[in-house]
Amino acid sequence: LWALVDTLVSRLLGEGFGESALAASSASLTERLRVDIERERDRLAQTVFEDFVARGRVEFCLRADATDYELPHEFALEFAGEPQALLRDDGQLIARSLLEPALRTADMNAFELRFAGYLDQRAALRWWHRNVAKAQLGLQGWRRHRVYPDFVFGLQRGGDTGRIVLMETKGLHLAGSTDTDYNRALFERLTTAFRDERAHKSGELILEGSATEDIVCDLIFDQAWEGALEDRYFTPC
């Protein structure tokens, strides 16, 4: 720890801070040290995570056995008043939610409501699901806490191929924050690491001829998001 303190003090002195100014700002120095320690911790943890992914000790894949994640068949919601059905922008009821009926919950913000309605009207969409934080699908990276994408949706790409998208939605004011940068880096790494192993041998069973999927983890902000989504997922190649 003292080596880190010496390194920090030396760096600040090199940046023009005087010794008297540093001595009089112990609280600021402690906070700067905390930030540096957290950054170094994350760097080392990411290095270990990347090594485990490369060696197959950490995997992100679709499987055909009991170790695979399954979206829930039912989920209980509590409402303080009368439940409200989700509506699309054209006034029609939501039709492609994975769970029915599609109801508006108290924690859904205006951006998420519009996002759900947008998805529901796309011709290439097979289904969508609003993921519940800390209760359903979470992504584990090199930090302690899991990341819970707000939406999971399935797309038909043509023939027997499909795509599953795990989407985090954020306000533009959060762009550049430490958490947002971490989520983006994790999503990019998991996307490149994904494998569909359902056609591989599972125990004594060999699966053949099943449709293939790829998974994309993505993040989108609440500004010009319709055009970004259309370009990334719904514009024919």
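Residues numbered from 1 in each chain as written. Predicted model: local features only at pLDDT ≥ 70, side-chain atom pairs only at ≥ 80, totals over all residues. Heavy atoms only, no water.

1. Remarks on the overall build of the chain
Working step 1: Helix and strand counts for the chain stand at six helices and 10 strands.
Working step 2: Counting the 237 residues in the chain, one finds 35% classified as buried.
Working step 3: Summarising the internal contacts of the chain: among those between residues at least 6 apart in sequence, 64% fall at separations of at least 24. (Helix = DSSP H or I, 4+ residues; strand = E, 2+ residues; numbered from the N terminus. Buried < 20%, exposed > 50% of the residue type's maximum accessible area, 1.4 Å probe, protein only. Contact = heavy atoms within 4.5 Å.)

2. Things to note about the confidence of the model for the chain
Working step 1: Per-residue confidence for the chain gives a mean pLDDT of 84; residues scoring 70 or more make up 88%.
Working step 2: Every residue in residues 204-209 is under pLDDT 50, and counting partners more than four places away or in other chains gives six contacts. (pLDDT = per-residue confidence, 0-100.)

3. Observations concerning the packing of helix 4 (residues 110-120) against helix 6 (residues 225-234)
Working step 1: At a closest axis distance of 12 Å, the pairing of helix 4 and helix 6 adopts a crossing angle of 40 degrees. The hand of the helix 4/helix 6 crossing is right-handed. In this structure, helix 4 uses F111, R114, F115, Y118 and L119 to contact helix 6, whose residues at the interface are W225, E226, L229, E230 and F234.
Working step 2: Residue composition of the contact of helix 4 with helix 6, by class: seven nonpolar, no polar and three charged. (Axes fitted to C-alpha atoms, helices over the stretch in contact; angles between N-to-C directions. Left-handed = near helix turned anticlockwise from the far one by under 90°. Nonpolar A, V, L, I, M, F, W, Y, C, P; charged D, E, K, R; others polar.)

4. Things to note about helix 5 (residues 178-193)
Working step 1: When the terminal C-alpha atoms of helix 5 are compared, their 23 Å separation across 16 residues agrees well with the 22 Å that a helix rising 1.5 Å per residue should span.
Working step 2: Restricting attention to buried positions, one finds in helix 5 the residues T180, Y182, N183, L186, F187, L190 and A193. Taken end-on, helix 5 shows its buried residues confined to a sector of 160 degrees, consistent with a single buried face. Seen from the buried face of helix 5, the exposed residues on the opposite side, beyond 90 degrees, are T178 and T192. (Expected span 1.5 Å × (residues − 1). Arc of directions from axis to C-beta.)

5. Some words on the pattern of salt bridges
Working step 1: What the rule picks out here adds up to 18 salt bridges.
Working step 2: Note that E40 is salt-bridged to R43, the shortest N-O span being 2.7 Å. A residue pair is termed a helical-turn pair when its members lie 3 or 4 positions apart in one helix, as E40 and R43 do in helix 3 (residues 26-55) at three residues.
Working step 3: Exposure remark for E40: the relative accessible area of 31% places this residue in the partly exposed category.
Working step 4: The class for R43 is partly exposed, based on a relative accessible area of 43%.
Working step 5: Linking D42 and R41 is a salt bridge whose minimum nitrogen-to-oxygen distance equals 3.2 Å.
Working step 6: What makes D42 buried here is its relative accessible area of 13%. (Salt bridge = Lys/Arg side-chain N within 4 Å of Asp/Glu carboxyl O.)

6. Observations concerning the side chain of K170
Working step 1: Structurally, K170 is set in strand 6 (residues 161-170).
Working step 2: Classification of K170 by relative accessible area gives buried; the value is 13%.
Working step 3: Here K170 is in contact with F111, T180, N183, L219, I220, F221 and D222, once residues within four sequence places are set aside.

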